[in-house]
Amino acid sequence: MSMPTQGPGLDSGHATGAPHTAAEVKGSSLGELMRQVSTDLSTLLRQEVELAKAEIRQEGRKAGKAAGLFGGAGFGGYMVALFLSLALWAGLANVMDAGWAALIVAVLWGAIAAVLYSMARKNAQRVRGLRQTNESVQRIPDALKPHPEGVTR
């Protein structure tokens, strides 16, 4: 990531990003000060975008790997559930009509699906998002944030 630069008129040997003295600011023109603010703001926004991109890539890799593993486990679980369901259906068909046995197995799977849906919904609500980017953006001074209700022309 690039660091903010200082332009002529404000560059008096300070390290990049260091605060300026009142004399340095007083000796600069309004144009130079506005250019410096614009440059610093542009750099800040670029850095925030880069942070968000890096965070998305990092979280995306983790999510992709987990999704692949869940997919494989899900297929294995599906096959187990399928054959156990067929075995339960055949076992129940020995003591009752096959149609009723199939209905019992279907209702059992409906209840399991409802419980799994409820658990998935709770887990989806815990997704954390872009925590670092959000915290960093919240530190931007209020003066730089838009306030449309206070704008008059």
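Located above this text is the structure these notes cover.
The structure contained in this document is the topic of the report that follows. (Residues numbered from 1 in each chain as written. Predicted model: local features only at pLDDT ≥ 70, side-chain atom pairs only at ≥ 80, totals over all residues. Heavy atoms only, no water.)

**Section: a nonpolar patch on the surface**
Keep this limit in mind: Think of a patch as exposed residues, more than 30% relative accessible area, with no salt bridge, where like charges cluster within 9 Å and nonpolar side chains (Val, Leu, Ile, Met, Phe, Trp, Tyr) cluster within 5 Å. For every accessible area listed, the method is Shrake-Rupley and the probe measures 1.4 Å; residues are considered covered only by the protein chains on display. Here, a salt bridge means any Lys or Arg side-chain nitrogen found within 4 Å of an Asp or Glu carboxyl oxygen. In DSSP terms, a helix is any run of H or I states spanning at least four residues, a strand is any run of E spanning at least two, and both are numbered starting from the N terminus.
On the surface, Leu88, Leu108, Trp109, Ile112, Val115, Leu116 and Met119 cluster together into a nonpolar patch covering about 610 Å² of accessible area. When residues in the nonpolar patch are grouped by element, the largest group, six residues, is from helix α3 (residues 98-124). Assignment of secondary structure puts valine 115 in helix α3.

**Some details on the packing of helix α2 (residues 30-93) against helix α4 (residues 131-138)**
The criterion, for reference: Orientation is described by axes fitted as lines to C-alpha atoms, over the contacting stretch for helices, and by angles from 0 to 180 degrees between their N-to-C directions. Working definition: roughly parallel below 35 degrees, roughly antiparallel above 145 degrees, roughly perpendicular at 65 to 115 degrees, and oblique for all remaining angles. Each crossing is labelled by how the near helix is turned from the far one, with a counterclockwise turn of less than a right angle marking it left-handed and a clockwise turn marking it right-handed. We call two residues in contact whenever any of their non-hydrogen atoms come within 4.5 Å of each other.
Look at α2 against α4: their axes get within 9 Å of each other, and the N-to-C directions meet at 165°. Considered as vectors, α2 and α4 are oriented roughly antiparallel to each other. α4 is crossed by α2, and the crossing has left-handed handedness. Between α2 and α4, the residues in contact are Glu48, Leu51, Ala52 and Glu55 and Arg131, Gln132, Thr133, Ser136 and Val137, respectively.

**Comments concerning the pattern of salt bridges**
Pairs may arise between side chains of opposite charge once their charged atoms sit close together. For clarity, the threshold we go by: The cut-offs for exposure are 20% and 50% of the maximum accessible area for each residue type, with area from a 1.4 Å probe on protein chains only; residues under the lower value are buried, those over the upper are exposed, and the others partly exposed.
On inspection of all chains with the given rule, the structure shows two salt bridges. For lysine 53, the salt bridge identified is with glutamate 50, shortest N-O distance 3.7 Å. In this pair, lysine 53 and glutamate 50 both sit in helix α2, three residues apart, roughly one turn of the helix. What makes lysine 53 partly exposed here is its relative accessible area of 41%. Judged by relative accessible area, which is 35%, glutamate 50 ranks as partly exposed.

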